[in-house]
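The lines below spell out each chain.
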Amino acid sequence: MKPITIVRAVAPLNCKVRLPGSKSLTNRALVMSALADGRSTLAGALFCDDTEYMIACLQALGVKVQADPDSSAIVVEGCGGQIPATDVDLFCGNSGTTIRFCTALCSLACGSYRLDGTDRMRERPIGDLVEALRSCGAVVGYEKEEGYPPVIVKGGGVRGSKIAFDSVSSSQFVSALLMVSPYAAGDMFVSVDSVISAPYLAMTTHLMDSFGVSVVDSLQGRSAKYIVPAPQRYQATDLEIEPDASNASYFLAAPAIAGGRVVVEGLGTASIQGDVGFVDVLERMGCVVERGSNSLAVAGPERGKRLTGIDVDLNAMPDVAQTLGVVAVFAEGPTTIKNIGSLRVKETDRLQAMAIELQKLGAEIDAGDDWIRISPPSQPRGARIATYDDHRMAMSFSLAGLAVADVEILDPDCVNKTFPDYFSRFGEMVGQR
């Protein structure tokens, strides 16, 4: 796709939007539906590269999945914990949830399974999950470099175990282990001394409960403990998938930069997604926030006031760090975003990519292993923004174009990973009055 030049907002924003379903919820629900007893229907499901990779992998494993993108619905015939297919090669693209969740899923099966992805996926670590599965009795190996895909799983089931993580580079490793734990031969005890993205683990256990599986959990500071008693089985359920809170961050941040007010419907204080907390960050910077159980509204700073830079720890919601980084370019005073080292092993090294592209907009940047400090310019400037095949780079930096001329997003197709029609929806927001 050709580069996209963002159209500036010529007046304050004034619109309501309802966004597609959550990728994180959709892929978790697909795994639980696949293992469940009976037929599950997922309404409001997201259709994008990541969920389509998951659907294709489940189908390759012999699970019956009927997907209807037109109605945003997916029907899954659960396999009752018995994966039908053996000796399968699974391609997971650059979808972290797909390769990590399916690696754990294949450990329950009977056969040999190879899981691979793109060149970037082969650079993303999976060793913590593999070691955890091995300690449960699973036979998992590497085809090439130790600790990285492709991985080979020799199925045969997992036993109940005590798994202790000092820290993990992705909470998805823990979620993957938790989701297969009901089918272990005994009780599973999982502890993590230093949790990353804790709300995503809460999302996992919440969904497990929705599918009829009980998890005993305890979170104290950065430490988490989980007990999944055995035996348990997922029960089929009909589930409504919430709009994606991470993708909502771009629309909620828009009035911080362009002024006006944006309402995101279907997402509010009742959400189980941690990234709804991004409105708290915007409020600290000077935005006016209205919270409802099923909606969130953000308005730009009151007349005569400006956004102010802040210091913030985004360990719990690193996926909104790039959104905040762009908003910070338009604030008064520097913004420091801390505890985001996990960004370095995402679709790209997001910390490095963010630093490079923010400088193109005129910001001064200081950064370390897990933090970035953004000092805004007196006047942000337009730029050609490289996206590094990372959907969040494309979507977050589009925000700059609301207030600055000549912001061009290169390789905009990368948004297909989680939000295929992002740019048309973004344009509609700017055009609504």
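Residues numbered from 1 in each chain as written. Predicted model: local features only at pLDDT ≥ 70, side-chain atom pairs only at ≥ 80, totals over all residues. Heavy atoms only, no water.

## Here we look at the pattern of salt bridges
Two side chains carrying opposite charge are able to pair once their charged atoms lie near each other. By the definition in use, this model includes 23 salt bridges. Its salt-bridge partner being Glu 77, residue Arg 39 comes within 2.5 Å of it at the nearest N-O pair. Taken together, the residues span a long stretch of sequence, with Arg 39 in strand 3 (residues 39–43) and Glu 77 in strand 5 (residues 73–77) at a distance of 38 residues. Given the relative accessible area of 28%, Glu 77 is considered partly exposed. In this structure, Arg 122 and Asp 116 form a salt bridge, with 2.5 Å as the shortest nitrogen-oxygen distance. You can call Asp 116 buried: its relative accessible area is 6%. Taken together, the salt bridges that share partners define one network made up of Lys 23, Asp 50, Asp 319, Lys 346, Glu 347, Arg 350, Asp 390 and Lys 417. (Salt bridge = Lys/Arg side-chain N within 4 Å of Asp/Glu carboxyl O. Helix = DSSP H or I, 4+ residues; strand = E, 2+ residues; numbered from the N terminus. Buried < 20%, exposed > 50% of the residue type's maximum accessible area, 1.4 Å probe, protein only.)

## Structural notes on helix 1 (residues 23–35)
Along its 13 residues, helix 1 runs 19 Å from first to last C-alpha, staying within 8% of the 18 Å computed at 1.5 Å per residue. Across the 13 residues that make up helix 1, a large majority, 13, are buried. The N-terminus of helix 1 is capped by Ser 22, whose side-chain oxygen sits 3.2 Å from the backbone nitrogen of Ser 24. (Expected span 1.5 Å × (residues − 1). Polar contact = N/O pair within 3.5 Å; in protein donor to acceptor, adjacent residues only side chain to side chain.)

## A few points about the layout of surface pockets
Here the largest pocket is characterised by a volume of approximately 360 Å³. Forming the walls of the largest pocket are 24 residues, and the residues nearest its centre are Leu 19, Pro 20, Gly 21, Gly 44 and Ile 241. Residue classes in the lining of the largest pocket are distributed as twelve nonpolar, eight polar and four charged. Reported here for the second largest pocket is a volume of approximately 240 Å³. The wall of the second largest pocket is formed by 15 residues, among which Ile 257, Arg 306, Leu 307, Phe 330 and Ala 331 lie closest to the centre. Here the lining of the second largest pocket is built from residues that sort into eleven nonpolar, one polar and three charged. (1 Å grid on protein atoms, 1.4 Å probe; cavity = no way out; pocket = protein on both sides within 12 Å on 5 of 7 lines; lining within 4 Å. Points joined across faces, edges and corners; volume = space filled by probe spheres on them. Nonpolar A, V, L, I, M, F, W, Y, C, P; charged D, E, K, R; others polar.)

## Observations concerning the sheet that holds strand 10 (residues 162–167)
The strand order 10-11-13-12 describes an open sheet built from four strands, whose pairing is mixed. Bordering the open sheet on either side are strand 10 and strand 12 (216–220), each of which pairs with just one other strand. Here the strands of the sheet are splayed against their neighbours by 10° on average, with no regard to which way each runs. Across the sheet, helix 5 (residues 171–180) lies against strand 10, strand 11 (188–194) and strand 13 (223–228), angled at about 170° from strand 11, the strand it touches most. (Pairing = 2+ DSSP bridges. Axes fitted to C-alpha atoms, helices over the stretch in contact; angles between N-to-C directions. Contact = heavy atoms within 4.5 Å.)

## Here we look at the state of the cysteines
Tallying each qualifying case throughout the model produces zero disulfides. This cysteine, Cys 106, is not joined by any disulfide, and Cys 102 carries the nearest cysteine sulfur, 6.1 Å off. Its sulfur unpaired, Cys 414 is 13 Å from the next cysteine sulfur, which belongs to Cys 48. Of the residues examined, Cys 414 reaches a relative accessible area of 6% and is grouped as buried. (Disulfide = S-S within 2.5 Å.)

## Regarding the environment of Thr 118
Counting through the fold element by element, Thr 118 comes out in the loop between strand 7 (112–116) and helix 4 (127–135). Residue classification places Thr 118 among the partly exposed residues on the basis of a relative accessible area of 26%. Counting along the chain gives 116 residues from Thr 118 to Lys 2, while the straight-line C-alpha distance between them is 22 Å. In contact with Thr 118, other than residues within four places in its own chain, are Phe 91, Gly 93 and Asn 94.

## As for the packing of helix 7 (residues 245–258) against helix 12 (residues 422–431)
Contact geometry of helix 7 with helix 12 gives a least axis separation of 11 Å together with a crossing angle of 30°. In terms of orientation, helix 7 and helix 12 fall into the roughly parallel class. Two packed elements cross with a definite hand, and for helix 7 against helix 12 that hand is right-handed. Listed contacts from helix 12 to Tyr 250, Phe 251 and Ala 254 of helix 7 are Tyr 422, Arg 425, Phe 426 and Met 429. The class makeup of the residues in the contact of helix 7 with helix 12 is six nonpolar, no polar and one charged. (Parallel < 35°, antiparallel > 145°, perpendicular 65-115°, else oblique. Left-handed = near helix turned anticlockwise from the far one by under 90°.)

## Things to note about the packing of aromatic side chains
A ring pair, where both rings are aromatic, is described by two values, the distance of the centres and the angle of the planes. Under the criterion given, the structure shown has ten aromatic pairs. Ring plane angle 50° and centroid distance 5.8 Å describe the contact between Tyr 183 and Tyr 234, whose orientation is recorded as tilted. On the criterion of sequence distance, the pair formed by Tyr 183 in the loop between helix 5 and strand 11 and Tyr 234 in the loop between strand 13 and strand 14 (238–240) is long-range, its members being 51 residues apart. Its relative accessible area of 15% is what places Tyr 183 among the buried residues. (Phe/Tyr/Trp six-rings, centres within 6.5 Å; stacked < 30°, edge-to-face > 60°.)

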